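Structure assessment
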Amino acid sequence: MVRVLYYIWCFLVLLPLFGTAQQFNFKTYSVGDGLAQSQVYTILEDSRGYLWMGTRGGGLSRFDGIGFTTFTVADGLIDNYIICLYEDDEQNLWIGTNTGISRYDGNDFENITLKKGDYEVAISCIMQDKAGMYWLGTSYGVYRFDGKDFHHFSEKRNFFKSHISCIHEDQQGTLWVGSDKGLSKVGKDTIITYTTSDGLNNRRVRSLTEDKAGHLWIGTYGGGVNVYDGTSFKIIGEDYGLVDGVINSVTADSNGEIWLAMQDDGVCRWNPIDSSFTYLKEVDGLSNNHARTVLEDSWGNHWFGTSGGGVSKYFGQQFVHYNERSGLSGRYVYSVFKDSKNRLWMGASGRGVSMYNDTSFTHFNADNGFLNIKVKEIAEDHRGRLWFGTEGNGIGIYDGHHFNILSRKDGLSGNWIRDVLADRKGYMWVATAGGGINKVRVIDTLGTTRFQCKVIRQKQGLAKDRVNALSLDKWGRIWYATDGRGIGYIENDSIIVNFDHTHGLSNNNVRSIVEDAFGNLWVGSAGGAINRAYIYEDTIRFDRFDHTDGLRSTNVYLLQFDQQHNLWVGSESGVDLMLLDMERNVVEVKHYGKSEGFVGIETCQNASCIDREGNLWFGTINGLTQYNPNNNVKNVLAPKTNITNISLFYEPLTSTNYNGWIGPWGVVKPGLVLPHNQNHLSFDFIGINHKNPEKVTYQWMLEGSEETWRPPTSKSDATYSNLPHGEFTFKVRSANEDGIWSEPVTVSFTITPPWWKTWWFLTGSIGLGILLIVLVFMARVRRVKRKVKEEQERLTLEKDLIQLEQKALRLQMNPHFIFNALNSIQGSITENDHKTARYQLAKFSKLMRAILENSRESLITLEDEVNTLEYYLALEKFSSDNQFDYTFHIDPNIDQEEPLIPPMMIQPFVENAIIHGMKHLHKKGHIEVAFQRHGKRLVCEITDNGIGREKAGNIKSQQDQRHKSTALIVTQERLDILNQNGSTEKSLEIIDLINNGTPSGTKVVLRIPIE
């Protein structure tokens, strides 16, 4: 009797204290997330991918996957109490409300009111049939809209004038109407109504849908679900308690499953394969058990509108989450282990361990033989006993009936257990936090269990006594990971080899180590990401994998391989799936966080395992998460890309003078033309991807300005400033998390050129330019011809000048002068006046040298010219027995080294003064040579006190006369050539000097151009 009572007590203790349920992947949106109101009675996905949610009092909310936009009566909506939504074939949105209809084209609301007497008629459902006719279910029967006018169909056909809940057109084009009177089949000329007398379980029909077989599913108010196969009605779900259920909505999804939104029991799903029902309620993550509507979006997500709980998004069961509401004893799951009997064990919070057998949880704690303590590690020995490593109390060993405790008093080196590992010989290896590693032998004799512990610590060669993880390789070596000293292995209990950052490890604080099926050891560290090494070679080399390879975090908590030999990496931000090739290189990394359904987010250290079916189990700080690889379906649907706004100089185009170019739903009409100074445009866009909205990336380009797509980015706006004139097309596309790109969405526009760049202005400018070029060319030709002519004239003048200079040189020295000079010098020699002879001979030689040197130059300085003249006058004076004197007067403002004049230009006039003025003078003669500068002319005056030109002309000396005349003519011509600059002054002027009517000499004035 006692034994019976004991087993009853055990059964009651081990029985879960409450029913368990799987925590499915839900995400709830309510008022705090931007939803207009928490009562959502209708949901619609439009052709652009937006979700529209009608609320009871908050108006209409539009959801793009990231945020909500709300429309109310203040925005033009007819009523904030919304009952139904519908999109017609022209993409207009119809909103049925308590007081009428709003039709929205993306820009404006058009409101329509239907009245019964003085009262507005509520609109409960809207549908457009295959012929384009609109059918409206209202609080006063059925209305029909032909595109122009509304007709009360119920009055015309003597049909039900009561509340109409739903209208459906089946595959054959037959119209079905659900009302409080039953289900009606509307034909061309007849209306047949089915009620309870025809097999319908309840005549108050609330919703209709059609499955793939063409059967009608009828949701009723209080009668559950009925199915009509064309001949009879069948009540569905009697075994599931659906007979008396209030069904607010019934929907068929793309997989053929039927979803029911129920008044009190949440959402129910019918599986057509096995005809089974699955409930989703608050305990499973649904926001509220009062469900109003169900929608399957294009990505396969299901959205449940509730009364009071907002909207729940159901991701499916790729990740199944369990928490305290599911039956867990605590939210922190520190360890997870699947035993040989396929039972799942976990250590949750500080409340011992729990076992899950696919239906319920069983808890082991201080109430039934174990401890209320954290369990950080779970393992199984070769005899099927479970080892629970605790935080501070050693190891709890469970044989299926009783718990034994192995602690320091039994020889264990530490009570803080980090890992437990069974080797192939039956030994258990225990890693401790501070006590090194223990090799434990379990001895079972005569019903008793003893333990022998061999301790391996730093003094035996262990890198550090604080050990985080253990791993057994194919050679039987025990690999260990330390907290701060890297990793190592133990071989044959005595050989210990250690590795740290000096050997290539990226971080010495190692949390997890695991060997793959190919002989590679994978090492996860705190902040150093992951290292990999092939451990069956003499030299072990470590490779690093981090965020550059796609990992979300380098702070690794756990490493777990799946059946496909891919590596799962747990961190504080979720899990990363590293897809590896046969060479164990990373092909791709996929991240799973809250948005992807991994709602536990932060994983616990080494809390993971894989079961026989290939399911992965992860312990997190927010519960237990299961991953079913069979539910990992690639997202093949590209995001639905929409341009949400176009701004001109940061002002929306709808607020500018160009708002007329904006069509329905913000689409820019073809032909948009902007002036040249309206050239700063911004584009806002969104790629709607309700499966994973945060992972959408974008590319865009502006044809006409860019030739290639911009690099992918999460940025959802683009700005172009200072655009030149031309034709442009803005193109944007978006990609989902699996790299599937959408078709580009485009906006075309033209920027006109400024008037100075128009064709007529450019044509005129080109013509004018050509004319100017012709004129310039002609002027240039004339200038070149003139220049050529001037050059020819200059060359002619230079030629003439050279010839004259040659003549002048030939005429420079009068042979009589040379003869007289040499004869006078000879006379001095004869008279033994050798000193005078030598002096005059030196003068003569200097004169000859100066004449020869100057003859090589076209221009000489005034100083050189004066020196030559002085040598010449000195010899003439000597030859004439000092018959005359001479003086030079040079303006002190003249720099004698600067003015450049032709050589021997003055000498002929000085010679002429001596020959004709001094020769027959009966008194002492005098010659004065004076120089002054007038602008760019050097004025030379040669004055003598001779007999004058008239008397000299009477003297018969023909030979000298010829010589004199020739020299003067050549000099005159040289001066005329040099003075061809348009000056009115004479270049040569001879003045007779008269004193009291008697000739008193001659003055010669030369005006020589100087450089």
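These numbers were taken from a predicted model, which means no experiment stands behind them.

As for the overall build of the protein
Per the secondary structure count, the protein includes 9 helices and 73 strands. For a compact globule of 1011 residues, the expected C-alpha radius of gyration is about 30 Å, and the protein comes in at 58 Å, more than 25% above that figure. If you line up the protein on its principal axes, its C-alpha atoms span 185 × 100 × 40 Å. When contacts within the protein are restricted to residue pairs at least 6 apart in sequence, those whose partners lie at least 24 apart make up 53%. A total accessible area of about 47,500 Å² is found for the protein, and carbon and sulfur atoms account for 49% of it. Each charge class in the protein was averaged separately, 104 positive and 119 negative side chains, and the resulting centres sit 3 Å apart.

A word on the sheet that holds strand β54 (residues 574-580)
To summarise the sheet geometry, strands pair through backbone hydrogen bonds and adopt either a parallel or an antiparallel arrangement. An order of β52-β53-β54-β55 is seen for the 4 strands of this open sheet, with the pairing classed as antiparallel. If you trace the sheet from one side to the other, it starts and ends with β52 (556-561) and β55 (586-592), each paired once. Each neighbouring strand pair of the sheet contributes to a mean axis angle of 20°, computed without reference to strand direction. Relative to β55, β54 is paired through 6 bridges, and the arrangement is antiparallel. Within the sheet, the bridge partner assigned to valine 575 lies in β55 and is tyrosine 592.

Things to note about the sheet that holds strand β60 (residues 651-652)
Spatial strand order, β60-β59-β62-β64: 4 strands in an open sheet with antiparallel pairing. Looking along the sheet, the strands with just one partner apiece sit at the ends: β60 and β64 (717-720). Across 8 bridges, strand β59 (residues 640-648) lies against strand β62 (residues 681-688) in antiparallel orientation. Within the sheet, the bridge partner assigned to threonine 641 lies in β62 and is glycine 687.

Topic: helix α6 (residues 862-879)
Look at α6: 26 Å from first C-alpha to last across 18 residues, which is about the 26 Å you get at 1.5 Å a residue. Of the residues making up α6, those classed as buried are Leu862, Glu865, Val866, Thr868, Leu869, Tyr872, Leu873, Ala874, Leu875, Glu876, Phe878 and Ser879. Positive backbone phi, approximately 55°, marks aspartate 881, located one or two places after α6.

A word on helix α5 (residues 834-855)
The first and last C-alpha atoms of α5 sit 31 Å apart over 22 residues, in line with the 32 Å expected at 1.5 Å per residue. Within α5, the full set of buried residues consists of Ala837, Gln840, Lys843, Phe844, Leu847, Ala850, Ile851 and Asn854. Here the buried residues of α5 occupy an arc of 160° about the axis, which is enough to place them on one side. Pointing more than 90 degrees away from the buried face of α5 are the exposed residues Lys835, Arg838 and Leu852.

Regarding the pairing of strand β24 (residues 247-252)
On any regular strand, side chains alternate: one points to one face of the sheet, the next to the other face. The element β24 is largely enclosed, with a buried count of 5 among its 6 residues. Between β24 and strand β25 (residues 258-262), which follow one another and run antiparallel, lie 5 residues, and glycine 256 among them has a positive phi close to 85°.

A look at the packing of aromatic side chains
Summed over the entire model, instances satisfying the criterion amount to 69 aromatic pairs. These aromatic residues form a ring-pair network of at least three members: Phe683, Phe685, Tyr698, Trp700, Tyr720, Phe728, Phe730 and Phe749. One Lys or Arg, arginine 292, reaches over the ring of tyrosine 41 and ends 3.9 Å from the middle of that ring. Taking NZ or CZ as reference, arginine 733 lies 4.4 Å from the ring centre of tryptophan 709, over its face.

Details of the confidence of the model for the protein
When pLDDT is averaged along the protein, the result is 88; 92% of the residues meet or exceed 70. The low-confidence segment residues 1-22 (pLDDT under 50) makes 30 contacts with residues lying over four places distant or belonging to another chain. Note on residues 958-964: pLDDT is under 50 here. Beyond four places in sequence and across chains, it has 12 contacts.

Structural notes on a nonpolar patch on the surface
Together, Leu762, Ile766, Leu768, Ile770, Leu771, Leu772, Val774, Leu775, Phe777 and Met778 make up an exposed nonpolar region whose accessible area comes to about 940 Å². For leucine 772, the location among the structural elements is in helix α3 (residues 759-810).

Some thoughts on the nonpolar core
With 41 residues, the main nonpolar core has Trp52, Leu60, Ile95, Phe683, Phe730 and Phe749 as its most contacted residues. It is β62 that contributes the most residues to this core, 5 residues altogether. Every residue in contact with leucine 60, bar those within four places of it in the chain, is listed here: Trp52, Met53, Gly54, Thr69, Thr70, Phe71, Leu77, Ile82, Leu85, Leu93 and Ile95. Formed by 40 residues, the second largest nonpolar core is a distinct cluster that contains Leu873, Phe878, Val910 and Ile914.

Some thoughts on a positive patch on the surface
A cluster of like positive charges, contributed by Arg780, Arg782, Arg783, Arg786 and Lys787, occupies part of the molecular surface. Checked against the element boundaries, arginine 786 lands in helix α3. Since its relative accessible area comes to 45%, arginine 786 is described here as partly exposed.

Comments concerning the side chain of aspartate 419
Position of aspartate 419 among the secondary structure elements: in strand β40 (residues 417-422). Summary of buried charges: aspartate 419 has no salt-bridge partner, and the nearest side chain of opposite charge, arginine 418, is 10 Å away. There is a polar contact of 2.7 Å between the side chain of aspartate 419 and the backbone nitrogen of leucine 470. The contacts of aspartate 419, once residues within four sequence positions are left out, are Glu377, Trp429, Val430, Ala431, Asn468, Ala469 and Leu470.

Topic: the state of the cysteines
Scanning the entire structure with this criterion turns up 0 disulfides. For the unlinked cysteine cysteine 166, the closest cysteine sulfur is that of cysteine 125, found at 6.4 Å.

A word on a negative patch on the surface
A surface patch of negative charge is lined by Glu853, Glu863, Asp864, Asp895, Glu897 and Glu898. Within the secondary structure layout, glutamate 897 lies in the loop between β68 (884-890) and β69 (900-901).

Structural notes on the environment of asparagine 893
Its location among the elements puts asparagine 893 in the loop between β68 and β69. Judged by relative accessible area, which is 71%, asparagine 893 ranks as exposed. In this structure, the C-alpha to C-alpha distance between asparagine 893 and arginine 203, residues 690 residues apart in sequence, is 133 Å.

With respect to the pairing of strand β66 (residues 745-751)
By the bridge criterion, 3 bridges tie strand β61 (residues 672-674) to β66 in an arrangement that is parallel. In the strand pairing of β66, leucine 672 is matched with phenylalanine 749. Sheet analysis places strand β65 (residues 726-735) next to β66, joined by 7 bridges and oriented antiparallel. Across the sheet, phenylalanine 730 pairs through a bridge with valine 747, a residue of β66.

A few points about the pattern of salt bridges
One side chain can pair with another of opposite charge once the charged atoms of both are near each other. One pass over the structure, following the stated rule, counts 32 salt bridges. Here lysine 376 makes a salt bridge to glutamate 391, at a shortest N to O gap of 3.9 Å. Here lysine 376, found in strand β36 (residues 375-380), pairs with glutamate 391, found in the loop between β37 (386-390) and β38 (395-398); they are 15 residues apart in sequence, far enough to count as distant. For the salt bridge of aspartate 738 with lysine 590, the shortest nitrogen-to-oxygen distance reads 3.4 Å. On the criterion of sequence distance, the pair formed by aspartate 738 in the loop between β65 and β66 and lysine 590 in strand β55 is long-range, its members being 148 residues apart. Several salt bridges share partner residues, and in doing so they unite Asp381, Arg383, Arg385 and Asp444 into one network.

Digging into unusual backbone geometry
Although it is not a glycine, asparagine 606 adopts a positive phi angle of roughly 55°. Examined against the element boundaries, asparagine 606 turns out to sit in strand β56 (residues 603-610). Residue asparagine 882 is not a glycine yet carries a positive backbone phi of 60°. Residue placement: asparagine 882 occurs in the loop between α6 and β68.

Here is what the cut-offs are and how they apply
- Every residue gets a number counted from 1 within its own chain, in the order that chain's sequence is written.
- The predicted origin of the model limits local features to residues at a pLDDT of at least 70 and limits the giving and counting of side-chain atom pairs to 80 or more, whereas totals for whole chains, interfaces and linings rest on all residues.
- Remark: hydrogens and water are excluded; side-chain values derive from all non-hydrogen atoms of the structure.
- Only runs of H or I of at least four residues qualify as helices and only runs of E of at least two qualify as strands under DSSP, and these elements are numbered from the N terminus.
- Both definitions apply: the radius of gyration is a C-alpha atom measure, and the globule rule equals 2.2 Å times residues to the power 0.38.
- Two residues qualify as a contact provided that any one of their heavy atoms is within 4.5 Å of a heavy atom in the partner residue.
- With residues, only the protein chains shown are counted as cover, and all accessible areas are computed by Shrake-Rupley using a 1.4 Å probe.
- By the counting rule applied here, Lys and Arg register as positive and Asp and Glu as negative, while His and the ends of each chain are not counted.
- Working definition for charges: the position is that of NZ of Lys, CZ of Arg, CG of Asp or CD of Glu.
- Two strands qualify as a pair provided that DSSP identifies no fewer than 2 bridges between them.
- An axis is simply a line fitted to the C-alpha atoms; with a helix, the fit covers only the stretch in contact. Between two such axes, the angle follows the N-to-C directions and lies from 0 to 180 degrees.
- Expected span of a helix: the number of residues minus one, times 1.5 Å.
- Burial classes: relative accessible area under 20% of the type maximum marks a residue as buried, over 50% as exposed, and values in between as partly exposed (1.4 Å probe, protein chains only).
- The directions from the helix axis to the C-beta atoms form the arc being described.
- Each pair of aromatic rings taken from Phe, Tyr and Trp, with Trp reduced to its six-membered ring, is defined by centres within 6.5 Å and is described as stacked if the planes are under 30 degrees apart, edge-to-face if over 60, and tilted in the remaining cases.
- Charges are assigned to positions over rings by a cutoff of 6 Å between ring centre and Lys NZ or Arg CZ, combined with an angular limit of 35 degrees from the ring normal.
- pLDDT gives the predictor's per-residue confidence on a scale running from 0 to 100.
- Without a salt bridge and with relative accessible area above 30%, a residue can belong to a patch; like charges are then joined within 9 Å and nonpolar side chains (Val, Leu, Ile, Met, Phe, Trp, Tyr) within 5 Å.
- Here, a salt bridge means any Lys or Arg side-chain nitrogen found within 4 Å of an Asp or Glu carboxyl oxygen.
- To define a nonpolar core, start from buried Ala, Val, Leu, Ile, Met, Phe, Trp, Tyr and Cys residues and group those joined through side-chain atoms within 4.5 Å.
- Polar contacts here mean pairs of N or O atoms no more than 3.5 Å apart (in protein, one a potential hydrogen donor and the other a potential acceptor; neighbouring residues in sequence count only if both atoms are side-chain atoms).
- Any two cysteine sulfur atoms within 2.5 Å of one another count as a disulfide.

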